Amino acid sequence: MIKNGHHANEEAGTAGPGGPACTPKRRRLVRVWCDGCYDMVHYGHSNQLRQAKAMADHLIVGVHTDDEISKHKGPPVFTQEERYKIVRAIKWVDEIVEGAPYVTTLATLDKYSCDFCVHGDDITLTAEGADSYEEVKREGRYRECKRTQGVSTTDLVGRMLLMTKTHHSNLDNPDYQQHTDNFGKGPKGNSPWTGVSQFLQTSQKIIQFASGKEPQPGDAIIYVAGAFDLFHVGHVDFLEMVYKQAERPYVIVGLHFDQEVNRYKGKNYPIMNIHERTLSVLACRYVSEVVIGAPYAVSKDLLDHFKVGLVCHGKTEVFPDKDGSDPYAEPKKREIFRTIDSGNNLTTDDIVQRIIANRLQYEARNQKKEAREMEVIESLNRKGQQDQSEAAAH
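Residues numbered from 1 in each chain as written. Predicted model: local features only at pLDDT ≥ 70, side-chain atom pairs only at ≥ 80, totals over all residues. Heavy atoms only, no water.

1. With respect to the packing of helix H6 (residues 153-162) against helix H14 (residues 348-357)
Running from N to C, H6 and H14 cross one another at 90 degrees; their axes reach a closest spacing of 10 Å. The angle between the axes of H6 and H14 places the two elements in the roughly perpendicular class. Facing Val157, Met160 and Leu161 of H6, the residues of H14 in contact are Ile351, Val352, Ile355 and Ile356. A class-by-class count of the residues in the contact of H6 with H14 yields 7 nonpolar, no polar and no charged. (Axes fitted to C-alpha atoms, helices over the stretch in contact; angles between N-to-C directions. Helix = DSSP H or I, 4+ residues; strand = E, 2+ residues; numbered from the N terminus. Parallel < 35°, antiparallel > 145°, perpendicular 65-115°, else oblique. Contact = heavy atoms within 4.5 Å. Nonpolar A, V, L, I, M, F, W, Y, C, P; charged D, E, K, R; others polar.)

2. Some details on the packing of helix H3 (residues 80-88) against helix H9 (residues 233-243)
The contact between H3 and H9 brings their axes to 9 Å, and the two run at 50 degrees. Taken together, H3 and H9 sit at an angle that is classed as oblique. For H3 against H9, the interelement crossing comes out left-handed. The segment H3 lies against H9, with Glu82, Lys85 and Ile86 engaging Val233, Val236 and Asp237. (Left-handed = near helix turned anticlockwise from the far one by under 90°.)

3. So, the nonpolar core
Among the nonpolar cores identified, the biggest contains 69 residues, and Met40, Val61, Met160, Phe228, Leu239 and Val253 are the most heavily contacted of them. Looking at this core, the element that brings in the most residues is H9, giving 5 residues. Beyond its immediate chain neighbours, meaning those up to four positions away, methionine 160 contacts Met40, Leu230, Asn268, Ile271, Ile351, Val352 and Ile355. If you look at the next biggest cluster of nonpolar residues, it comprises 14 residues, including Tyr223, Ala225, Leu302 and Val311. (Core = buried A, V, L, I, M, F, W, Y, C linked by side-chain atoms within 4.5 Å. Buried < 20%, exposed > 50% of the residue type's maximum accessible area, 1.4 Å probe, protein only.)

4. Overview of the sheet that holds strand E11 (residues 310-313)
Across the sheet, which stays open at both edges, the 5 strands sit in the order E10-E9-E8-E11-E12 with parallel pairing between neighbours. Bordering the open sheet on either side are strand E10 (289-292) and strand E12 (337-339), each of which pairs with just one other strand. Averaged over neighbouring strand pairs, the angle between their axes works out to 25 degrees when direction is ignored. When strand E8 (residues 220-226) meets strand E9 (residues 249-255), the two strands line up parallel, connected through 7 bridges. Bridge pairing in E9 links alanine 220 to proline 249. (Pairing = 2+ DSSP bridges.)

None of the figures reported here should be taken as evidence of function without further support.
Structure below.
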């Protein structure tokens, strides 16, 4: 029996007649399995893993290979090595399994001693159109968590392909709507799992993602700032290197507002708005705190307020402030500025180029996925109507 997501054998023993109390039983750890492609990882994936971890003591995440994804869905944007690394960096993940099978079986759950697996309330289909969780659902070793509204890989890819400045504030834009329709619509209509909806930020969601830990005496407070748009493996490598700059690091990430990012990056940046970028960064295990809408110049007031001992920046270009000044002039004057070479040159721009280069493949992939989902929905609807008719007949 499971109580509140944990096994019921956690209660202490009781005293027998005339004897001492029994030794309390040790509660067996609950091990939970999640799996997926984790391509273009965004805060929706992180939120699924956060919810799964709330049901577990130990969360194991299986990540599929490039070959498996290509076979069942189409080509991934990121390589398997990149995808393994970014999932490892999500703070709710305890362990990852590289090259996990696409179809989740009881044999996999048993191999890793997992009690059950957790997946979002959408459906994952194999190349043959079967539910990849069918076996574990049938055996009662499947739990569902709520899918995060307002974000999907389809939507993010659509934003990149459209290249407008309005996508992060205006989803009513007819050009954007037309594009997302082309990108995520099968011949028979729209699937609720692949469509686009507006993300609505709440204070509760930020609290769920935040660590809530204040810096302790002896912690080294390190500050970094930037857009951290489309949070990716290049960001992960940089933040990991920043984290390694001290024995007891407390890393604060300053995120610039959308207008500020667009000022220095141009084009259609940022692809993710400030709310989405906040959750993406908070999900990273190397980050302790986020300043939402940080000033572009790292000022004396900011450094003093957070008691910052070190300011880091990557090898990417530092754009001047509006008045042409160096935004890092103050930390440089204090001699607390450090340039970090993470050894990874991947940028958000590079990811956009990957998407554009493979645009037709991604559009075909998503239309095929949508068509299969619509077939499943129609089949479920038919079964529901049939069950109602039979019940009425009885």
